[in-house]
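Listed below are the residues making up each chain.
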Amino acid sequence: MAQDSYLVGLIGSGIGHSLSPELHEREADRQGVRHLYRLVDLNDLDMRPEDSWRLVRAAGSCGFNGLNVTYPCKQLIVPHLDELSQTALRLGAVNTVVFTSDGRAVGHNTDITGFRAAFARGLPDVSLRHVVQLGAGGAGSAVAHALFDLGVARLTVVDAVTDRAQALVKALNKESGAERAEAVPLETLGPELAAADGLVNASPIGMTTHPGLPLPADMLHGGLWVVDVVYRPLETPLLHAARVHGCRVLHGGGMLVHQAAHSFREFTGITPNTSAMLADFADLTAAPQAHT
């Protein structure tokens, strides 16, 4: 049964421009409940990501109903939670923590369902024969598993931390029972992209706090579709370069909204109006500066 009010928040680094508070609070207003959403920025607290689990525990003790968790904490907090949903256990990453009435911290992952829904809506008819993914962290794990769920035949994963990419690939292949994923070094990215159908950036490169391109622009070609999970800014340098090369593109806004809707349901037990939340996002990003 839904409560009358909820206290939730977001833990991460460089999250001052997050749209999550507005998305959650607007939906709560539509549903007739109070929903106070607070940002807890590690940078403001001068705290290491490795200690983010302490904030999770403190929030539970202070009466929070739940937390969203973003870069770079999605994998770091996992060992410190009391329970994981099957999806979070599958991914080894958590972006949503719900505090139960008996004080347990339960980890969920709504990134995977958020990405699947956004991709199906934004690029419903693209080829999934061979996809290259940049990034194998918390978001990368969710995206890679979502791509497998969507039917990608071959997934090539590139990450600056080689062991992390290899661990993700091992988990993907074990789950699928086939060698559908491979980890390759950065030096081979060009040839891989030349033969690929799609590119997904699941790294933080391109965020306002991590500006730049995650790869040389001349590696792009018109035969690629390109997805960037970054939504701040909407028009990342990667998406701009992809448009110049004639690629079909998808920004990270859809994933943000769908994962937020699924998190809202975990926090409150209330089924959200996702279409209205998508409209909220369009309203919040209508200003030109949201796209650059």
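Preceding block: the structure.
Here goes a summary of the coordinates provided.

## Quick word on the sheet that holds strand S7 (residues 130–134)
Backbone-to-backbone hydrogen bonds pair the strands of a sheet. The strands run either parallel or antiparallel. Ordered by their spatial adjacency, 6 strands build an open sheet running S9-S8-S7-S10-S11-S12, and the pairing between neighbours is parallel. Edge positions in the sheet fall to strand S9 (181–183) and strand S12 (248–250), since each has one partner strand and no second. Taken over all neighbouring pairs, the strand axes of this sheet differ in orientation by 15° on average, direction set aside. Bridge analysis of S7 against strand S8 (residues 154–158) gives 5 bridges, and the strand direction is parallel. Of the residues in S8, the one forming a bridge with Val132 is Thr156.

## Quick notes on the sheet that holds strand S2 (residues 34–41)
With mixed pairing, the 6 strands of this open sheet are ordered in space as S2-S1-S3-S5-S6-S4. The strands lining the two open edges of the sheet, one partner per strand, are S2 and strand S4 (83–84). Across 8 bridges, the pairing between strand S1 (residues 5–12) and S2 is parallel. Pairing of Gly12 across the sheet is with Asp41, part of S2. Across the sheet, helix H1 (residues 20–31) lies against S2 and strand S3 (66–69), angled at about 170° from S2, the strand it touches most. The strands that helix H10 (residues 253–268) touches are S1, S2, S3, strand S5 (96–99) and strand S6 (105–108); relative to S5, the one it contacts most, it runs at about 10°.

## Structural notes on the packing of helix H6 (residues 138–150) against helix H7 (residues 162–176)
Relative placement of two packed helices is described by the angle separating their axes and the distance separating the axes. Where H6 meets H7, the axes come as close as 11 Å, and the angle between the chain directions of the two elements is 30°. Regarding the angle of H6 to H7, the classification is roughly parallel. Here the hand of the crossing between H6 and H7 comes out right-handed. Taking contact as the criterion, the partners of Gly140, Ser141, Ala144, His145 and Phe148 in H6 are, on H7, Leu168, Leu172, Asn173, Glu175 and Ser176.

## Structural notes on the pairing of strand S11 (residues 225–228)
Each regular strand displays side chains that alternate between the two surfaces of the sheet. Side chains of S11 alternate between two faces, with Trp225 and Val227 and Val226 and Asp228 buried alike. Note: strand S10 (residues 198–201) against S11, 4 bridges, orientation parallel. Looking at the pairing, Val200 lines up with Val227 of S11. One ladder, built from 3 bridges, connects S11 with S12; its direction is parallel. For Val227, the partnering residue across the bridge sits in S12 and is Leu250. Since S11 and S12 lie parallel, the crossover through helix H9 (residues 237–244) that links them has a hand, and here it is right-handed.

## A word on the state of the cysteines
Considering all chains together, one arrives at 0 disulfides under this definition. Here Cys73 stays free of any disulfide, with the sulfur of Cys62 as its closest cysteine sulfur at 18 Å. On the basis of relative accessibility, which here comes to 0%, the residue Cys73 falls in the buried class.

## Things to note about helix H11 (residues 274–284)
Of the positions making up H11, those classed as buried are Ala276, Met277, Leu278, Asp280 and Phe281. The inward-facing, buried residues of H11 abut H1, helix H5 (111–122) and H10.

## Quick look at the environment of Asp4
Within the secondary structure, Asp4 sits in the segment before S1. Look at Asp4 and you get exposed, because its relative accessible area is 68%. In the structure, Asp4 is positioned 14 residues away from Ser18 in sequence and 25 Å away in space, judged by C-alpha atoms. For Asp4, the residues in contact, after removing those within four places along its chain, are Val33 and Arg34.

## Description of the pattern of salt bridges
A complete count under the given rule lists 20 salt bridges for this structure. The closest approach of N and O atoms between Arg30 and Asp280, which form a salt bridge, is 2.6 Å. Placement of the pair is Arg30 in helix H1 and Asp280 in helix H11, with a sequence separation of 250 residues. Judged by relative accessible area, Arg30 falls into the partly exposed class, the value being 38%. Its salt-bridge partner being Glu192, residue Arg154 comes within 3.0 Å of it at the nearest N-O pair.

## Side note on the environment of Arg243
Examined against the element boundaries, Arg243 turns out to sit in helix H9. Judged by relative accessible area, which is 45%, Arg243 ranks as partly exposed. Expressed as a C-alpha distance, the spacing of Arg243 and Leu220, which sit 23 residues apart in the sequence, is 9.8 Å. With sequence-adjacent residues up to four places away left out, Arg243 is seen in contact with Glu235 and Val249.

The rules we used
Residues numbered from 1 in each chain as written. Predicted model: local features only at pLDDT ≥ 70, side-chain atom pairs only at ≥ 80, totals over all residues. Heavy atoms only, no water. Pairing = 2+ DSSP bridges. Helix = DSSP H or I, 4+ residues; strand = E, 2+ residues; numbered from the N terminus. Axes fitted to C-alpha atoms, helices over the stretch in contact; angles between N-to-C directions. Contact = heavy atoms within 4.5 Å. Parallel < 35°, antiparallel > 145°, perpendicular 65-115°, else oblique. Left-handed = near helix turned anticlockwise from the far one by under 90°. Buried < 20%, exposed > 50% of the residue type's maximum accessible area, 1.4 Å probe, protein only. Right-handed = clockwise from strand over helix to strand, strands pointing away. Disulfide = S-S within 2.5 Å. Salt bridge = Lys/Arg side-chain N within 4 Å of Asp/Glu carboxyl O.

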